[in-house]
Amino acid sequence: MATRPMTSPVGYDPLDEATLADPYPQLAALREQTPVAWHEGMECWLITRYEDCVRVLREHETFARDPRRLGIAVAEAHLSVQVLDPPQQAGVRSLFMTALHAQDLDALQDRLRQMIGERLDQVAALPVVEAMRELAQPVALVAIADLLGVTPPPLEEWAEISDTIMRSMDAGLNPELIEPGRRARAQLSDLVDSWFTTTGQPAGLLGHVRARTAGAGLEQAAYVRHTARVMFQGGYSTLTAALGNLLHTLADHPEILPALRERPGLVHGAVDELVRFDGPVQGTTRLATAEVTIGGIAVRRGEKVTVLFAAGNRDPAVFARPDRLVLDRTPNRHLGYGWGAHACLGTVMAQRVLAALVDTLLDTVILPRPAGSAPRRRTATMRTFARLPLSLQP
Ligand code: HEM
């Protein structure tokens, strides 16, 4: 049985320009040559085969999200549904899941379609539309605030806070990001705390959560607030990235919208395929709680294991023609929303938001097309655009 090699046999730098532009050839090489590869710089095992990714995400007893299970301290302010593992996670996860399912998502989707339609009316005639600023960010903010039942903060201020938090996720690669990230998190806490302390109950999902946790113990109440932060900031940033990636893919594949105009019944499946094809969340990390063998490689207790969703989602062992968009791909059990105990809590909401954008475009004659260079943000965890200039004319 192989053990940890001294150097990474396949160089992989998620922040390298070519990888940011198109990570898929590198990920395919890793998956084919070293599907479980030790990365010296990232100090973790990179997992790239679909079946290994699913195994790590499913076996939460062996692969911990919560570092405290390995004796590593975690600041109280970081304990949320995202960090707690089962069984401790169950109460807060089901609280938010129940609250989400209690929302009228049909009505929310209708409101979003209306809002997107109005924005398209305002900008579509411009020769170049910066689609992150004009579409992805405002749609994501309105969507997540509507779901939670709160008044959205001013977009520019909020986008800055959210970007700083997102960049600080790569603080392991660049320690200068730690302090700005801490300040931005404090601003996020103040904002979310205000939704829990103001006398007027928020409606929506947070109203539901507040009503059910009014008498909860202190520890439980803290998990709930921190989870509300994850929902708001994580929901906003992933939705922004996903809307941008989707618009970019539509512009790059001008055949998609006409095909969907002919078969609108495919929209639901198509938005899932678009997330498989170029989803925003590149990967996630767990810690091995015991010595374990993955793909013939011995992983030691305490070592980090990084599941690369983006690699699993293009694994030809599971997805025929993985580098092609297949709008009616069935089945399509991709990993874009994760898997298992920590799978995305907002999946149904995210699907509605993406479908609202596609549905609204289908009602127009717009055909998005690239209109200039579209650099990606230099972030390893979130695949997103810094700018996305598009033409939205017919
Ligand atoms: C297209 C948009 C989205 C994508 C691609 C996405 C993707 C993901 C992924 C891959 C995970 C799992 C991470 C892991 O295993 O460590 C996750 C977790 C999560 N997502 Fe999403 N997400 C999206 C939108 C949203 C939205 C809109 C919300 C809120 C309404 C949300 C809330 C959450 C929460 C709370 C978690 C943590 C769940 C847990 O750890 O138990 N997400 N998301």
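Remember, predicted model here, so these are calculated numbers, not experimental data.

Participant: It is not clear to me how the sheet that holds strand S1 (residues 36–39) should be interpreted in this structure. Could you clarify?
Facilitator: Whether parallel or antiparallel, the strands of a sheet pair through hydrogen bonds between backbone atoms. With respect to topology, five strands assemble into an open sheet ordered S1-S2-S8-S5-S3, the strand pairing being mixed. A strand with exactly one partner marks an edge of an open sheet, and here the two such strands are S1 and strand S3 (63–64). Summarising the sheet, strand S2 (residues 44–47) and strand S8 (residues 304–308) pair through three bridges and their orientation is parallel. Bridging from a neighbouring strand, Leu46 pairs with Thr306 of S8. Relative to S8, helix H3 (residues 50–58) is tilted by about 125°, and along the sheet it contacts S1, S2, S3, strand S5 (283–288) and S8.

Participant: Even after reading the chapter, I still don't get the side chain of Ser80, so can you show me in this structure?
Facilitator: Along the chain, Ser80 turns up in the loop between S3 and helix H4 (90–101). A relative accessible area of 3% means that Ser80 is categorised as buried. Excluding anything up to four places from it in sequence, Ser80 contacts Tyr223, His226, Thr227 and Val230.

Participant: Before we go on, may I ask you to explain the site of the ligand in this structure?
Facilitator: Around the ligand, 28 residues are found, and the nearest of them are Arg65, Arg93, Thr284, His342 and Cys344. Between an oxygen atom of the ligand and a main-chain N or O atom of Val81, the distance comes to 3.4 Å. Within the side chain of Arg286, one N or O atom sits 2.9 Å away from an oxygen atom of the ligand. Among the elements of the structure, helix H6 (131–148), helix H10 (218–252) and S5 are those that each provide at least two residues to the shell around the ligand.

Participant: Can you help me understand the coordination of the iron atom of the ligand in this one?
Facilitator: Each donor-metal-donor angle would ideally measure 109.5 degrees in four-coordinate tetrahedral geometry, or 90 or 180 degrees in six-coordinate octahedral geometry. Among protein residues, the single donor to the iron atom of the ligand is Cys344 (SG), with a metal-donor distance of 2.3 Å. Examined against the element boundaries, Cys344 turns out to sit in the loop between helix H13 (309–312) and helix H14 (347–362).

Participant: Would you take a moment to explain helix H5 (residues 105–123) for this structure?
Facilitator: Owing to its 3.6 residues per turn, the α-helix brings residues three or four apart onto one side. Given a rise of 1.5 Å per residue, 19 residues ought to cover 27 Å, and the 27 Å separating the end C-alpha atoms of H5 matches this to within 8%. When we look at burial in H5, the residues that qualify are Leu105, Leu108, Gln109, Leu112, Met115, Ile116, Gly117, Leu120 and Val123. With a side-chain oxygen positioned 3.3 Å from the backbone nitrogen of Asp106, the residue opening H5 is Asp104.

Participant: Is there a simple way to think about the sheet that holds strand S4 (residues 129–130) in this case?
Facilitator: Taken together, the three strands give an open sheet; going across it, the order is S4-S10-S9, and neighbouring strands pair in antiparallel fashion. Either end of the sheet is taken by a strand with one partner, and the two such strands are S4 and strand S9 (369–370). Inspection of the sheet shows S9 paired to strand S10 (residues 389–391) by two bridges, in the antiparallel sense. Bridged to Arg369 within S10 is Ser391.

Scoring rules and cut-offs
- Residues numbered from 1 in each chain as written.
- Predicted model: local features only at pLDDT ≥ 70, side-chain atom pairs only at ≥ 80, totals over all residues.
- Heavy atoms only, no water.
- Pairing = 2+ DSSP bridges.
- Helix = DSSP H or I, 4+ residues; strand = E, 2+ residues; numbered from the N terminus.
- Contact = heavy atoms within 4.5 Å.
- Axes fitted to C-alpha atoms, helices over the stretch in contact; angles between N-to-C directions.
- Buried < 20%, exposed > 50% of the residue type's maximum accessible area, 1.4 Å probe, protein only.
- Near = heavy atom within 4 Å.
- Polar contact = N/O pair within 3.5 Å; in protein donor to acceptor, adjacent residues only side chain to side chain.
- Donors = N, O, S within 2.8 Å, 3.2 Å for Na, K, Ca; no water.
- Expected span 1.5 Å × (residues − 1).

Geometric descriptors of this kind do not, in isolation, establish any biological role.
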